[in-house]
Amino acid sequence: MARFPSVFTFLLIPRLVLGLSGPSSQSPITVDSCKQHPYEVHLFSKDPLVIYISNFLTIPEREHLLEISKGTFTDSATADNSGAQGLRKTRTSQSTSVLRDPIVRCIEKRALDFQGFDIPRTHLEPLQLVQYFKGQNYHFHTDWFSAASQTTSAVGGNRLSSFFVYVEATNVTGGGTNFPVLDAPKDERWCEFVDCDEPYENGVTFRPVPGNAVFWQNLREDGSGDQATLHAGLPVTSGKKLGMNIWTRQGPLSEEFRGPD
């Protein structure tokens, strides 16, 4: 089981210095275009590295993501052990890739700044929104890949890290994000963010709190996938959940996969 440290919380106000990428007709985003946005960081686990982030998205950002994604969702695909993509019963949500505009680029920059200043935006996959209605879920899986076809240089190698961001949770029950290998927390302050009624042997389940996010490192220092990052999107029992995946690769993605920058 993963080691669970004492509660550790601090406030981050990142420096957002962002250059707008995209068609040449667009102007660069200046420092002032991405406003400084404070959020709280709670260290949940050191091994694997798992961090809970309160207030990662602002309300206007959440509203913007809802607006630009209207009518764009399709059934979510997933890869099998060979790397072949397809619709499967293990993942019953709908998803869409988010087009880059100034607001989305500021969210991208925030995710990169969170990881330090050494990772360029070309290592980010397009942001993915995923919605779950009653009865929909995503069975246990890892975000890192074992199939060679999913880790080529064209796609930037394997997924180094993940954010799962809760964008909307309308009258939701269920729908938490469960990590079965992580130790459940003992400090009651975590009950604001995790399901403290979950049986201890089930690991930890982060509740879908709008605007908040879970970050974790997918790979070990040697580049191998960390089995302790196994997780699932538990079934929504009522309401609707909208989440966002932010995946960072080991290297740059080609324009074919990332889109124009």
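Everything numeric in this text was worked out from a predicted model, so none of it was measured.

1. Topic: the overall build of the protein
Here's step 1: Scanning the protein for helices and strands turns up 3 helices and 15 strands.
Here's step 2: For the protein, with 261 residues in total, the buried portion stands at 51%.
Here's step 3: Taking contacts inside the protein between residues at least 6 apart in sequence as the whole, the part at least 24 apart equals 78%.
Here's step 4: Summing over all exposed atoms, the protein offers an accessible surface of approximately 12,400 Å²; the carbon and sulfur share of this is 54%.

2. A short note on the pattern of salt bridges
Working definition: two side chains of opposite charge can pair if their charged atoms are close together.
Here's step 1: Throughout the structure, instances matching the rule amount to 12 salt bridges.
Here's step 2: Here Arg220 makes a salt bridge to Asp47, at a shortest N to O gap of 4.0 Å. With Arg220 in the loop between β13 (213-217) and β14 (231-233) and Asp47 in the loop between β2 (39-46) and β3 (49-54), this residue pair connects regions lying 173 residues apart in the sequence.
Here's step 3: Ionic pairing is found between Arg258 and Glu108, a salt bridge with its closest N-O pair at 3.8 Å.

3. Concerning the sheet that holds β14
Here's step 1: The antiparallel open sheet is built from 4 strands, whose spatial order is β9-β14-β11-β12. Here the strands that pair on one side only, and so sit at the sheet edges, are β9 (138-141) and β12 (204-206). When the angles between neighbouring strand axes are averaged without regard to direction, this sheet yields 15°.
Here's step 2: Relative to β14, β9 runs antiparallel, the two being bridged by 2 bridges. Within the sheet, the bridge partner assigned to Tyr138 lies in β14 and is Gly233.

4. Points about the state of the cysteines
Here's step 1: What the rule picks out here adds up to 2 disulfides.
Here's step 2: Two residues share a disulfide in this structure: Cys34 and Cys106, whose sulfurs sit 1.9 Å from each other. Taking the sign of the torsion about the S-S bond as the criterion, the disulfide between Cys34 and Cys106, at about -85°, is left-handed. Placement of the pair is Cys34 in the loop between β1 (9-12) and β2 and Cys106 in helix α2 (residues 102-114), with a sequence separation of 72 residues.
Here's step 3: Overall, the relative accessible area of 3% leaves Cys34 in the buried class.
Here's step 4: The class for Cys106 is buried, based on a relative accessible area of 7%.
Here's step 5: Put simply, Cys191 and Cys196 are joined by a disulfide, and their sulfur atoms are 2.1 Å apart. Its torsion about the S-S bond being -105°, the disulfide of Cys191 and Cys196 is classed as left-handed.
Here's step 6: Cysteine pairing for the protein, with bonded cysteines counted in sequence order: 1-2, 3-4.

5. Here's the deal with α2
Here's step 1: With 13 residues, α2 extends 18 Å between its outermost C-alpha atoms, agreeing within 8% with the 18 Å of an ideal straight helix rising 1.5 Å per residue.
Here's step 2: With 11 of its 13 residues buried, α2 lies for the most part within the structure.
Here's step 3: By the burial criterion, the buried members of α2 are Val104, Arg105, Cys106, Ile107, Glu108, Lys109, Arg110, Ala111, Leu112, Asp113 and Phe114.
Here's step 4: Positive backbone phi, approximately 105°, marks Gly116, located one or two places after α2.

6. Some details on the side chain of Asp226
Here's step 1: Along the polypeptide, Asp226 turns up in the loop between β13 and β14.
Here's step 2: Its relative accessible area of 3% is what places Asp226 among the buried residues.
Here's step 3: Residues contacting Asp226, with those up to four places away along its chain left out, are Asp47, Pro48, Trp144, Asn218, Leu219 and Arg220.

7. Observations regarding the packing of aromatic side chains
Here's step 1: Inspection of every chain in the model, using the stated rule, returns 14 aromatic pairs.
Here's step 2: Taken together, the aromatic side chains of Phe44, Tyr52, Phe179, Trp190, Phe193, Phe206 and Trp216 make up a single cluster linked through ring pairs.
Here's step 3: Directly above the aromatic system of Trp247 lies the positively charged group of Arg159, at a separation of 3.5 Å from the ring centroid.
Here's step 4: Across from the ring centre of Tyr132, 4.4 Å away, lies the NZ or CZ of Lys241, which sits over that ring.

What counts, and where the lines are drawn
Residues numbered from 1 in each chain as written. Predicted model: local features only at pLDDT ≥ 70, side-chain atom pairs only at ≥ 80, totals over all residues. Heavy atoms only, no water. Helix = DSSP H or I, 4+ residues; strand = E, 2+ residues; numbered from the N terminus. Buried < 20%, exposed > 50% of the residue type's maximum accessible area, 1.4 Å probe, protein only. Contact = heavy atoms within 4.5 Å. Areas by Shrake-Rupley, 256 points an atom, 1.4 Å probe, with all protein chains shown as cover. Salt bridge = Lys/Arg side-chain N within 4 Å of Asp/Glu carboxyl O. Pairing = 2+ DSSP bridges. Axes fitted to C-alpha atoms, helices over the stretch in contact; angles between N-to-C directions. Disulfide = S-S within 2.5 Å. Expected span 1.5 Å × (residues − 1). Phe/Tyr/Trp six-rings, centres within 6.5 Å; stacked < 30°, edge-to-face > 60°. Lys NZ or Arg CZ within 6 Å of the ring centre and 35° of its normal.

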